[in-house]
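Here are the chains, one letter per residue:
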Amino acid sequence: MRRVAFVVLLASAALAAQPASYDLVLRNGRIVDGTGSPWYRADVAIEGDTIVRIAPSIRETAARTIDVSNLVVAPGFIDIHTHARRGIFEVPTADNYLRQGVTTLVEGPDGSSPLPLRPFFEKLAATRFTPNFASFVGQGSIRSAVIGEVNRPATSEELEKMRQLVRQGMEDGAFGLSSGLFYVPGTFTPTAEVVELARVAGEMGGIYISHMRDEAKGVVDSVRETIAIGEQGGLPTQVTHHKVIGKMYWGRSADTLKLIDEARARGVDATIDQYPYTASSTSISAALLPAWAQEGGRQELMKRLDNPDTREKIKAESAALIRNERGGGDPRNVVAASCRFDPSLAGKNLAEITTKRGLTVTIENAAETAMWIVMEGGCQAIFHAISEEDLQRILVHPATMIGSDGEVAVFGQNVPHPRSYGTFVRVLGRYVRELKLLSLESAVQKMSAFPAQRLGLADRGVLKQGLKADLAVFDPARVADTATFEKPHSYAAGVSAVIVNGEVVFEKEAMTQARPGRVLYGPARK
Ligand SMILES: [Zn+2]
C-alpha cells in the first residue's frame with residue numbers, strides 16, 4: 001500500500017517536472033487547410049518550426065496556448081510575385097506583408113533578379129528578417145549582362161553564356177526563370193531564345209514565369225507566346241500579374257483564359273497569378289515611352305530625346321500609349337508613386353504635373369511631361385487602365401493564384417500602389433466576403449497550397465502534420481484591406497496572429513521581436 005502511494009507520488013512529481021508537450025497550441029480554430037477542402041474545427045499544436053498535430057481537441061500541455069475561437073487558421077500566404085528586395089534590408093520585418101498573413105515572399109520577377117543570386121542570398125541569410133524569402137533568376141538581367149540593352153538576337157556563343165547563367169542561377173537556389181518581355185532588354189528577345197533558356201531551368205526542376213511582352217493590344221498573342229514557351233521548353237509556365245491594359249482591349253480576358261484552358265486540356269501546365277486591383281504600377285519610362293527609344297540604355301535615350309526628329313517620334317508614340325494603353329485615355333489616370341528627383345511629385349497625377357509645368361492638359365502635353373519626367377530621372381507611377389470585369393473573370397479562374405507584385409514598404413514613404421499593403425486581405429474581404437465571388441477555401445488555396453505546389457515547396461502551403469508552421473490567423477468577418485490609392489500606407493485589418501517557422505511574429509496588432517525568416521532554395525541548389 002505504501003509502495004503504491006510512493007509510486008503515485010513519484011509519477012505525479014515527474015509529471016509536474018515534465019516540460020510542456022508542445023511549444024504552442026492554437027485552440028478551437030476554424031481550419032482552412034489550403035487544399036480547398038471545407039473548413040473544420042480543430043486545435044493545432046506546434047513544436048519548434050513544425051506543425052506536429054491537428055486534432056479536434058488537444059489536451060496536452062503547451063508552453064503557450066492561443067485561443068482562436070471563431071477565427072480562421074490558414075497556412076501562411078505565399079506571394080509568388082514580389083519586388084521585396086526593394087525594402088527588405090531597410091524593413092527586415094516586412095510589416096506590410098506579414099500583417100496580411102503573408103509568410104513567404106518570392107523575388108526575381110519580371111526578368112529582373114540579382115545576378116549572381118548567391119551573394120544576395122548570403123547577404124539576406126546574414127540579416128535577421130521575418131518572412132521566408134525565395135527568388136527566380138531573371139532573363140532580362142542575364143541578357144543585360146551578356147549582350148547589353150541591344151535589339152538583336154544572341155549569337156550562339158552568347159546563348160551558351162546565357163544558358164550557363166541560368167544554370168548558375170538554378171544552382172544558387174532559384175525556383176525557375178522569370179522574364180519581363182515587356183521591358184528593356186526582355187522586349188528585344190526572340191521567343192526562340194527564351195525557349196532555349198527556359199529549357200535549362202525546366203531540366204533543373206524550375207518553372208517559367210512571365211510579365212508578358214504586351215498586356216494591351218497584343219495580350220492574346222502574348223498569352224499564346226507564354227504558353228508556347230512552356231510547351232516548347234518543356235516546363236510549367238505562368239502568366240504573371242495577368243491583366244488587360246487599355247479600354248479598347250477590355251474584355252479580352254475571355255480569350256486569354258480560353259487559351260489557358262485549351263493549353264491545359266492538351267497537357268500544357270500553364271497557370272496564372274494576379275493582384276486584385278484595376279491599376280498597375282511600373283516606371284513612367286517603361287509604361288509611357290516606346291522600347292526602341294530605350295535601346296542602349298539611358299544615355300542613348302537622352303540622345304534620342306535631344307534629337308528633334310526622334311523626339312517627335314517618341315512623343316507621338318507616348319501620346320498613343322497614354323491614349324490607348326497604360327495612360328488609360330486620360331493623364332489623370334497616371335499618378336506618380338515616387339520620383340527620386342522630386343519627391344513632392346508623389347501622389348500627383350500627370351494632368352496636375354502638366355499644369356504645374358505651365359502647360360494646358362492635353363494628351364500631347366502629357367506626353368511632353370512624361371518625356372520631361374524621364375529626362376529628369378524618372379518616376380514610378382500607378383496606371384489606372386484595367387477593368388473590374390476582366391479582374392473578376394481572371395480571379396475566379398481555377399488556374400489563377402494570388403501575387404501582389406508589391407514591395408516591402410517603408411511606412412509613410414512615397415505614395416506606392418496599395419497592393420503592397422492590401423493584396424491578400426483585399427481578396428478575402430472584398431471578393432470573398434462582400435462580393436461572394438469566391439469561397440473562403442478557394443481564396444486561401446490560391447494564396448497557399450497552389451503557389452506552394454507551383455514552386456515545389458512540399459513542406460509549406462498546407463496545414464498538415466509534419467509541415468512547417470507558417471500560419472495566418474484572421475477573423476473572416478473583419479478581414480479587409482484598408483490601403484487605398486490615396487492613402488496606401490495603411491495596414492491590413494482583421495488579422496489576429498501570424499506565425500513563421502513556428503514563431504509568432506504578429507499578434508495584438510503589433511509585430512513581435514521574432515525574426516524567424518529563412519531563405520528558401522529551389523530544387524537545384526548546390
Ligand atoms: Zn511585372
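Right, let's walk through the structure included here. (Residues numbered from 1 in each chain as written. Predicted model: local features only at pLDDT ≥ 70, side-chain atom pairs only at ≥ 80, totals over all residues. Heavy atoms only, no water.)

### A look at the pairing of strand β14 (residues 279-283)
Note the cut-off: For the exposure calls, accessible area comes from a 1.4 Å probe over protein chains only, and a residue counts as buried if that area is under 20% of its type's maximum, exposed if over 50%, partly exposed in between. Elements are defined by DSSP. Helices are runs of H or I of four residues or more, strands are runs of E of two residues or more, and each kind is numbered from the N terminus. Two strands qualify as a pair provided that DSSP identifies no fewer than 2 bridges between them.
β14 sits mainly inside the fold: 5 of its 5 residues count as buried. Taken together, the 5 bridges between β14 and strand β16 (residues 379-384) define a ladder with antiparallel strand orientation. For alanine 279, the partnering residue across the bridge sits in β16 and is histidine 384.

### Here we look at helix α8 (residues 253-265)
The condition that has to hold: One less than the residue count of a helix, multiplied by 1.5 Å, gives the span that helix is expected to have. The arc in question is traced by the directions running from the helix axis to the C-beta atoms.
Look at α8: 18 Å from first C-alpha to last across 13 residues, which is about the 18 Å you get at 1.5 Å a residue. Residues Ser253, Thr256, Leu257, Leu259, Ile260 and Ala263 constitute the buried set of α8. Angularly, the buried residues of α8 cover 150° about the axis, an arc narrow enough to put them on a single face. Facing away from the buried side of α8 by more than 90 degrees, the exposed set consists of Lys258 and Ala265.

### Overview of the coordination of the zinc ion
We count it as follows: Note that water is not among the atoms considered, so a metal site may appear incomplete; the donors listed are N, O and S atoms within 2.8 Å of the metal, with 3.2 Å applied to Na, K and Ca. Geometry is assigned from the angles between donors: four donors with all angles from 85 to 135 degrees make a tetrahedral site, four or six donors whose opposite pairs exceed 155 degrees while the rest stay between 65 and 115 make square planar or octahedral sites respectively, and everything else is labelled irregular.
Summarising the metal site, the zinc ion is bound by the protein donors Asp110 (OD), Asp110 (OD), His211 (ND1) and His241 (NE2), whose distances to it range over 2.1 to 2.5 Å. Classification of the site at the zinc ion as irregular follows from its 4 donor atoms and the range of 54 to 144° in their angles at the metal. Motif for the zinc ion, donor spacing along one chain: D-x100-H-x29-H. Remark: histidine 241 occurs in the loop between β12 (237-239) and α8 and aspartate 110 occurs in the loop between β7 (102-107) and α3 (117-125); sequence separation between them is 131 residues. Relative accessible area serves as the criterion here: at 10%, aspartate 110 is assigned to the buried category.

### A short note on the nonpolar core
Stated precisely, the cut-off is as follows: In plain words, nonpolar cores are sets of buried Ala, Val, Leu, Ile, Met, Phe, Trp, Tyr and Cys residues tied together by side-chain atoms within 4.5 Å.
With 67 residues, the main nonpolar core has Phe77, Leu428 and Phe474 as its most contacted residues. In terms of nonpolar packing, the next biggest core, distinct from the first, is built from 27 residues, Ile314, Ala336, Ala367 and Ala370 among them.

### Thoughts on the sheet that holds strand β11 (residues 207-211)
Read across the open sheet, the 6 strands follow the order β9-β10-β11-β12-β13-β17; overall the sheet is parallel. Of all strands in the sheet, those bounded by a partner on one side alone are β9 (137-138) and β17 (400-402). Here 5 bridges tie strand β10 (residues 176-180) to β11, and the two strands are oriented parallel to one another. Bridge pairing in β11 links glycine 176 to isoleucine 207.

### Considering the sheet that holds β14
For clarity, the threshold we go by: With axes taken as lines fitted to C-alpha atoms, and helix axes fitted only over the stretch in contact, angles between N-to-C directions fall between 0 and 180 degrees.
Ordered in space as β14-β16-β15, the 3 strands form an open sheet in which the pairing is antiparallel. The two strands at the open ends of the sheet, each matched to only one other strand, are β14 and β15 (334-339). For this sheet, the mean angle separating the axes of adjacent strands, direction not counted, is 25°.

### Focus on the packing of helix α4 (residues 139-146) against helix α5 (residues 156-172)
How we decide: Orientation is classified from the angle alone, with under 35 degrees giving roughly parallel, over 145 giving roughly antiparallel, 65 to 115 giving roughly perpendicular, and any other angle giving oblique. Each helix crossing is assigned a hand: it is left-handed if the near helix lies turned anticlockwise from the far helix by less than a right angle, otherwise right-handed if that turn is clockwise. Two residues form a contact once any of their heavy atoms are found within 4.5 Å. Amino acids are sorted into nonpolar (Ala, Val, Leu, Ile, Met, Phe, Trp, Tyr, Cys and Pro), charged (Asp, Glu, Lys and Arg) and polar (every other residue, Gly among them).
With their axes 10 Å apart at the nearest point, α4 and α5 run at an angle of 135° to one another. Relative to α5, α4 is oriented oblique. The crossing of α4 and α5 is right-handed. Taken together, the residues of α5 that come into contact with α4 (itself represented by Ile142, Arg143 and Val146) are Glu158, Lys161, Met162, Leu165 and Val166. Looking at the contact of α4 with α5 residue by residue, the classes come out as 5 nonpolar, no polar and 3 charged.

### Some remarks on the side chain of aspartate 110
This is how it is decided: Neither His nor the chain ends contribute to the count of charged residues, in which Lys and Arg are positive and Asp and Glu negative. Should a side-chain nitrogen of Lys or Arg be within 4 Å of a carboxyl oxygen of Asp or Glu, the pair is scored as a salt bridge. Polar contacts, as counted here, are pairs of nitrogen or oxygen atoms within 3.5 Å of one another; within protein the pair requires one atom able to donate a hydrogen and one able to accept it, and residues that are adjacent in sequence qualify only if both atoms are side-chain atoms.
Within the buried core, aspartate 110 has no salt-bridge partner, and the shortest N-O distance to an opposite charge, that of arginine 86, equals 6.7 Å. A polar contact is formed between the side chain of aspartate 110 and the side chain of histidine 81, at a distance of 3.4 Å. In terms of polar contacts, aspartate 110 uses its side chain to reach the side chain of histidine 241, at 3.4 Å. Residues in contact with aspartate 110, not counting those within four places in the same chain, are His81, His83, Ser178, Ser179, Gly180, Tyr183, His211, Thr240, His241 and Asp405.

### Let's talk about the packing of aromatic side chains
Put simply, the rule is: Only rings of Phe, Tyr and Trp enter the pairing, Trp through its six-membered ring, and a pair is recorded when the two centres are within 6.5 Å. The plane angle decides the type: under 30 degrees is stacked, over 60 is edge-to-face, the rest tilted.
On inspection of all chains with the given rule, the structure shows 12 aromatic pairs. Both rings, one in phenylalanine 77 and one in phenylalanine 424, keep their centres 5.8 Å apart while their planes meet at 10°; by these two values the pair is stacked. In this pair, phenylalanine 77 is assigned in strand β6 (residues 77-79) and phenylalanine 424 in helix α15 (residues 419-434), connecting sequence segments 347 residues apart. By relative accessible area, which is 0% here, phenylalanine 77 ends up buried. Using a relative accessible area of 0% as the deciding quantity, one classes phenylalanine 424 as buried.

### Overview of the state of the cysteines
By definition, a disulfide links two cysteine residues through a covalent bond between their sulfur atoms. Heads up, the rule is: Any pair of cysteine sulfurs within 2.5 Å is marked as a disulfide.
Considering all chains together, one arrives at 1 disulfide under this definition. The residue that forms a disulfide with cysteine 339 is cysteine 379, at a sulfur-sulfur distance of 2.3 Å. Disulfide cysteine 339 to cysteine 379: torsion about the S-S bond roughly 110°, handedness right-handed. Of this pair, cysteine 339 sits in strand β15 while cysteine 379 sits in strand β16, placing them 40 residues apart in sequence. Here cysteine 339 falls in the buried class, since its relative accessible area comes to 3%.

### Some thoughts on helix α14 (residues 388-396)
When α14 is considered as a whole, its buried residues turn out to be Asp390, Leu391, Ile394 and Leu395. In a view along the axis of α14, the buried residues occupy a sector of 130°, so they form one face of it. Considering only its buried residues, α14 is in contact with α8, β13 (270-274), β17, α15 and α16 (440-447).

### Considering the environment of valine 504
Within the secondary structure layout, valine 504 lies in strand β20 (residues 503-507). Overall, valine 504 belongs to the buried group, its relative accessible area being 13%. A C-alpha to C-alpha distance of 9.2 Å links valine 504 and arginine 515, two positions 11 residues apart in sequence. Residues within four places of valine 504 in sequence aside, it is in contact with Leu24, Arg64, Ile66, Val498, Ile499, Thr512 and Ala514.

### Quick word on the environment of serine 69
Note on placement: serine 69 falls in the loop between β4 (62-67) and β5 (72-75). On a C-alpha basis, the gap between serine 69 and proline 276 in space is 29 Å, while along the polypeptide they are 207 residues apart. Those residues in contact with serine 69, other than ones at most four positions away along the chain, are Arg27 and Asn28. Within polar-contact distance, the side chain of serine 69 engages the side chain of asparagine 28 at 3.2 Å.

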